[in-house]
Amino acid sequence: MNSTNNTTTAPVITIDGPTASGKGTITRLLAGRLGWRLLDSGALYRLVALAAERRGITLDDLASLEPLAAHLDVEFVAGEPDEEMAIVLEGEDVTSDIRTETCGNGASRVAALPVVRAALLERQRAFAQPPGLVADGRDMGTVVFPRAAVKIFLTASAEERARRRYNQLKDKGLGVTMRSLLAEIAERDTRDQQRSVSPLAPAEDAVMLDSSDLSIDEVVEHIWTLCQVRLY
Ligand code: DC
């Protein structure tokens, strides 16, 4: 199996892509099927945004944001494969607090700050432990795990992603309109793609997968087949 970076030999599968492309669900199902660990790197950026807001740290206060990101007291508590992981910040369950659109927008802003990205780099790499890791984000295949065994770049049209996010938020009882979601998704895509540090982009050796017309199971099956070829 391929090594993933200089410090570990655990195999890594990276799943990168724009917001609401289904990365989270696919990553969870794939990690469950393989019996591997999971890294939701977006949650780390969301946690930094939430912790900063709660402490009254503004996003231009880099001197406070850097240690905040480096020493964030976070615990990821895995549940069943079909359940979301619980995320605990400083002893408090913030699983749903970090999923709001406000927190997502804050995350997209802190994610554009090089000091925050640098502070989170080694924390993310530390997730690569045997028997293996499925990591989802924007720069998993390009920056964090450049030597990952399998790299997927998962996309879907902006309309389809807005529709999926709308249904997700509606299920959680959070009121939003399709129109506002589409505008936010477009804004976040632009910010994620155009930032100077680790912009959202497929790795050169990533497999591109457009999920607009695929079910979740079809996407998982596709990646699973690819893993059988590349990993074993
Ligand atoms: O995947 P998500 O929506 O939870 O991510 C929240 C924000 O964090 C997203 O706007 C971009 C940023 N992010 C990033 O820059 N790099 C990552 N590896 C993961 C997320």
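1. Let's talk about the sheet that holds strand 7 (residues 150-155)
With parallel pairing, five strands are arranged side by side in an open sheet as 2-6-1-7-8. Taken across any chain shown, the strands that pair with only one partner, and hence form the sheet edges, are strand 2 (37-40) and strand 8 (207-210). Each neighbouring strand pair of the sheet contributes to a mean axis angle of 20°, computed without reference to strand direction. Pairing of strand 7 with strand 8 involves four bridges; the strand directions are parallel. Residue pairing for strand 8: Ile152 is matched across the bridge by Val207. With respect to the sheet, helix 2 (residues 41-55) is in contact with strand 2 and strand 6 (133-137), its orientation differing from that of strand 2 by roughly 45°.

2. Things to note about the pattern of salt bridges
If you walk through the whole model with that rule in mind, you get 17 salt bridges. One salt bridge connects Arg163 with Glu160, and the closest N-O pair in it is separated by 2.7 Å. With Arg163 and Glu160 both in helix 7 (residues 158-171) and three residues apart, this pair spans about one turn of that helix. On the basis of relative accessible area, Arg163 is assigned to the partly exposed category, the value being 40%. In this structure, a network of salt bridges that share partners links the residues Arg54, Glu92 and Asp97.

3. Description of the site of the ligand
Surrounding the ligand, one finds 17 residues, the nearest of these being Arg46, Arg117, Arg138, Asp139 and Arg195. One of the side-chain nitrogen or oxygen atoms of Arg138 is found 2.9 Å away from an oxygen atom of the ligand. Coverage of the ligand by the protein amounts to 97% of the 450 Å² it exposes when considered alone. Elements represented by at least two residues in the shell around the ligand include exactly helix 2, helix 4 (101-110) and helix 8 (178-194). Broken down by element, the shell around the ligand gets its largest block of residues, four residues, from helix 2. Classifying every residue of the shell around the ligand by side-chain character gives four nonpolar, five polar and eight charged.

Reading the values: the criteria
Residues numbered from 1 in each chain as written. Predicted model: local features only at pLDDT ≥ 70, side-chain atom pairs only at ≥ 80, totals over all residues. Heavy atoms only, no water. Pairing = 2+ DSSP bridges. Helix = DSSP H or I, 4+ residues; strand = E, 2+ residues; numbered from the N terminus. Axes fitted to C-alpha atoms, helices over the stretch in contact; angles between N-to-C directions. Contact = heavy atoms within 4.5 Å. Salt bridge = Lys/Arg side-chain N within 4 Å of Asp/Glu carboxyl O. Buried < 20%, exposed > 50% of the residue type's maximum accessible area, 1.4 Å probe, protein only. Near = heavy atom within 4 Å. Polar contact = N/O pair within 3.5 Å; in protein donor to acceptor, adjacent residues only side chain to side chain. Areas by Shrake-Rupley, 256 points an atom, 1.4 Å probe, with all protein chains shown as cover. Nonpolar A, V, L, I, M, F, W, Y, C, P; charged D, E, K, R; others polar.

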